[in-house]
Amino acid sequence: MEHYIYFNDYYPTGDIMVIAICVIIFILIGFSYVRKSKSFLYFLFINVTVLLAAFVNIIYHVKYITNITGDYTTVYILRILYHALLFSTLLLYVVYITEVLRLEISKKYPVVTMSIIVFIIAVVSDIVKTMSGKGYVITSQGLMTSGRDIFLYGYLGFVVIILFLMIVYRKRLYKRVMSGFYGTMIVSFVMLAIQNHYNQTSYTVGTFLFPAIAMLYIIHSNPYDISMGAIDVRAMEDMIRFNYERKRELIIMSLLLEEFNGEGKTFPTEIQGIIRKFSGDYFKGAVLFQINNGNMMLLAKKKSNPDYENKINKLLNAFMVEYEKYRFDYKIIFGESVDEVSRRNEYVNFLDSIYRNMQINSVHMIDYDDVVSFNKYEEILEELEDIYRAKNLRDPRVLVYCQPVFNIKTGKYDTAEALMRLKLSNIGMVFPDQFIPLAEEKGYIHVLTEIILQKTCDEIKYLIQENYDVRRISVNVSVMELKDDHFCDDISGIIRNSGIPDEKIAIEITETQTESDFLVIKSRINELKDHGIKFYLDDFGTGYSNMERIMELPFDIIKFDRSLVLASGSDNRSEKMVGSLANMFKDLDYSVLYEGVENENDEEMCINMAASYLQGYKYSKPIPIIDLKNFFSKLDEKIQN
């Protein structure tokens, strides 16, 4: 059945608007940061084909109405090209969806192959029908007629494939994302239906653009923080990957303001303005990323900034001027990208590993030693992850060392502090300051505590069986662990299953400053003390000490930090103050243990300051726990004396 098409069925307004929107999309992409994935490249191709289709459609209609020769060959070609571009757009939509869905090759290949077949059949049929005069024809009177609408069949074929993908594999995408796609597709179908009802063709290309707009907004948008001018970590990782693959070196600057590096914290308005200004004023083409609330990172291409060292110096000088105004503690790292780190795309962890070893209010330039330290850090982290997953309470990689404690009352060594070490095959011995903060940060610390407790219990059991006089051995516990509802059950369970008396174990914890932590700690201590476990307050004197809270917590022993020993030895005033504190605790039935006793002068001074226990290098450095028997006395020997 022939159908006459009149030019007043088409107005170029729709296609002009499509062209404008496509150009706007390209402008927005150029002035924002969008992750350059394979799906994003398909998205760009979709926009290009839609843009070209709109252009060709306008030219096709213009050529038709301005034709005065009666030769419509160009018009035929333009119409076929117009349809081919629309079919190409639909084909790209199919490929794009399979990419976003991350279909396996075995599932992706048949769908893409079928789509290519539909594309070829639709384009070839359009050409054949037109050339044979059985499809689209322009009569001698200049009227356009269409036979069977090949474009409609091709369009429906692609719609079936797209709907198949989105229904069968709908669980592979977040529901709200799927709803966004469905919504824009429904709008497209409704627009086409309304257009056909009114015998219009002006907005056909526009309906192909709607899903692309949804893609940009839902999947590819990576909006700036408009107050900071920063984008997120995913965009940073993409920029690093993109430039590494093209062997482009980057300049890196990272700023950490620890005061704002917590959940729910934000930079003050004046600091936001300073960072915003710095990010745009010094480096050409620089991009600012917000790693977390208190950590910003600036990346720029080295090739675009050959004088970057001068620029960094200028920026640092300007920063110091601002620092004098606001006095927020800072750490700054700068330097060139490192191939090894770029290849692994691990700059967040890399910079964190540097920050851990930096002093407050310092600036550090990235060097080779940082990479060596980071590789060690990564190996330690990998081993910690494996220890955590294995949950083997006698894991051979976790070693227990001990430092004997001298009991002034008995004149013997009958207590000790258990200390943790890691022995890793590729690194060797790893000390607590290198892995404890990492284990706490990653949530692995409690498993390590369980392991050291189990091994300590094993050794205590052996010493008891060998008739050694073991008063107790203390194990350090992180405040973070006490927040776990299962903490008390885990600790008491290990001690009970080891078959040793509960009082042979003590737990050392440091003071907390937060009210919520205090209440939890108090509850946990009371629960475990009911089992006979002793508690030490560790590192007294190293930070803010709230005497009221200390008195509320049922500690048995207060450990005075080495810093108090040093202060006492510096002048009489300090010695009197520390001695008064120790006597106060003693009068309140606490025992006082001094850490860091290194010589006879320290020993005599601490004894005069109400010491009950002494610990330090004067007596022993940390030793493997199996060597404790060299310090402890046997009960039968004690009786003979």
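Bear in mind the structure is a predicted one, so any value in this text is a computation, not a measurement. (Residues numbered from 1 in each chain as written. Predicted model: local features only at pLDDT ≥ 70, side-chain atom pairs only at ≥ 80, totals over all residues. Heavy atoms only, no water.)

## Details of helix H13 (residues 368-390)
Short version of the rule: The helix and strand labels rest on DSSP assignments: H or I over at least four residues marks a helix, E over at least two residues marks a strand, and numbering proceeds from the N terminus. The length a helix should cover is 1.5 Å for every residue beyond the first. Only protein chains enter the area calculation, which uses a 1.4 Å probe; residues under 20% of their type maximum are buried, those over 50% are exposed, and those in between are partly exposed.
Here H13 contains 23 residues, and its C-alpha end-to-end distance of 33 Å stays within 8% of the 33 Å for a straight helix at 1.5 Å per residue. Those residues of H13 that sit buried are Asp370, Val371, Phe374, Tyr377, Glu378, Ile380, Leu381, Glu383, Leu384 and Ile387. Phi turns positive, to about 50 degrees, at Lys391, one or two residues after H13.

## So, the pairing of strand S7 (residues 295-301)
Let me state the cut-off plainly: At least two bridges found by DSSP between two strands is the condition for calling them paired.
Burial analysis of S7 places 6 of its 7 residues in the buried class, the great majority of the element. Sheet topology places strand S5 (residues 250-256) next to S7; 7 bridges connect them, and they run antiparallel. Along S7, the bridge assignment pairs Ile252 with Leu299. Pairing analysis gives 5 bridges linking strand S6 (residues 287-292) to S7, with the strands arranged antiparallel. Bridging across to S7, Leu288 finds its partner in Leu298. Hairpin connection, S6 to S7: the antiparallel pair is bridged by 2 residues.

## Some details on unusual backbone geometry
Positive phi is not limited to glycine here, since Arg327 has a value of about 60 degrees. For Arg327, the position within the fold is in the loop between helix H10 (308-326) and strand S8 (331-336). Residue classification places Arg327 among the partly exposed residues on the basis of a relative accessible area of 47%. Positive phi is not limited to glycine here, since Ala610 has a value of about 65 degrees. Among the residues examined, Ala610 registers a relative accessible area of 7% and is labelled buried.

## Notes on the side chain of Arg397
For the record, the criterion: Two N or O atoms form a polar contact when they lie within 3.5 Å of each other; inside protein one atom must be a possible hydrogen donor and the other a possible acceptor, and for residues adjacent in sequence the pair counts only when both atoms belong to side chains. The criterion used for residue contact is that any of the two residues' heavy atoms lie within 4.5 Å.
Looking at where Arg397 falls in the secondary structure, it is placed in the loop between H13 and strand S10 (398-407). In this structure the side chain of Arg397 is engaged in a polar contact, spanning 2.8 Å, whose partner is the side chain of Glu383. At 2.8 Å, the side chain of Arg397 and the side chain of Asp386 are in polar contact. Setting aside its immediate chain neighbours within four residues, Arg397 contacts Glu383, Asp386, Ile387, Arg421, Leu422, Lys423 and Leu424.

## Regarding empty space enclosed by the protein
Note the threshold: Using only the protein atoms, space was sampled on a 1 Å grid; points where a 1.4 Å probe fits but cannot get out form cavities, open sets with protein on both sides within 12 Å along at least five of seven lines form pockets, and lining residues are those with an atom within 4 Å of a point. Grid points are joined across faces, edges and corners, and a volume is the space filled by probe spheres set on the points. Basically, the charged four are Asp, Glu, Lys and Arg, the nonpolar ten are Ala, Val, Leu, Ile, Met, Phe, Trp, Tyr, Cys and Pro, and anything else, Gly included, counts as polar.
This model, assessed by the stated rule, comprises 3 cavities of 30 Å³ or more. Taken as a whole, the largest cavity encloses approximately 320 Å³ of empty space. Leu255, Ile275, Phe278, Leu315 and Phe319 are, among the 20 residues lining the largest cavity, the residues nearest its centre. When its residues are assigned to classes, the lining of the largest cavity shows 17 nonpolar, 2 polar and 1 charged. Estimated volume of the second largest cavity: approximately 270 Å³. Forming the boundary of the second largest cavity are 20 residues, of which Tyr93, Ile97, Ile162, Met185 and Pro211 lie nearest the centre. Mapped by element, the contributors of at least two residues to the lining of the second largest cavity are helix H3 (73-100), helix H5 (150-168), helix H6 (175-197) and helix H7 (204-220). For the lining of the second largest cavity, the per-class residue count stands at 18 nonpolar, 2 polar and no charged.

## A closer look at the packing of aromatic side chains
Filter applied, for reference: Stacked, tilted and edge-to-face are the three classes applied to pairs of Phe, Tyr and Trp rings, where Trp contributes its six-membered ring and a pair requires centres within 6.5 Å; stacked means planes under 30 degrees apart, edge-to-face means over 60, and tilted covers the rest. Whether a charge sits over a ring depends on NZ of Lys or CZ of Arg being within 6 Å of the ring centre and within 35 degrees of the ring normal.
Throughout the structure, instances matching the rule amount to 24 aromatic pairs. Between Tyr413 and Phe631, the aromatic rings sit 5.4 Å apart at their centres with planes inclined by 85 degrees, giving edge-to-face as the arrangement. Here the residue Tyr413 occupies a position in strand S11 (residues 412-424), and Phe631 occupies one in the loop between strand S19 (623-624) and helix H23 (635-640), the gap between them amounting to 218 residues. On the accessibility criterion, Tyr413 (19% relative accessible area) is buried. Taking the ring centre of Phe242 as reference, the NZ or CZ of Arg246 above it sits at 3.6 Å. Positioned above the aromatic ring of Tyr388 is the side chain of Lys391, whose terminal nitrogen or guanidinium carbon lies 3.8 Å from the ring centre.

## Some remarks on the pairing of strand S14 (residues 505-510)
Summarising burial for S14: 5 of the 6 residues are buried, a large majority. Of the strand pairs in this sheet, strand S13 (residues 472-476) and S14 are connected by 4 bridges, and their pairing is parallel. Residue pairing across strands places Ile473 opposite Ile505, the latter belonging to S14. Pairing of S14 with strand S15 (residues 534-540), which is carried by 5 bridges, proceeds in the parallel orientation. Each bridged residue has a counterpart across the sheet, and for Ala506 the counterpart in S15 is Lys534.

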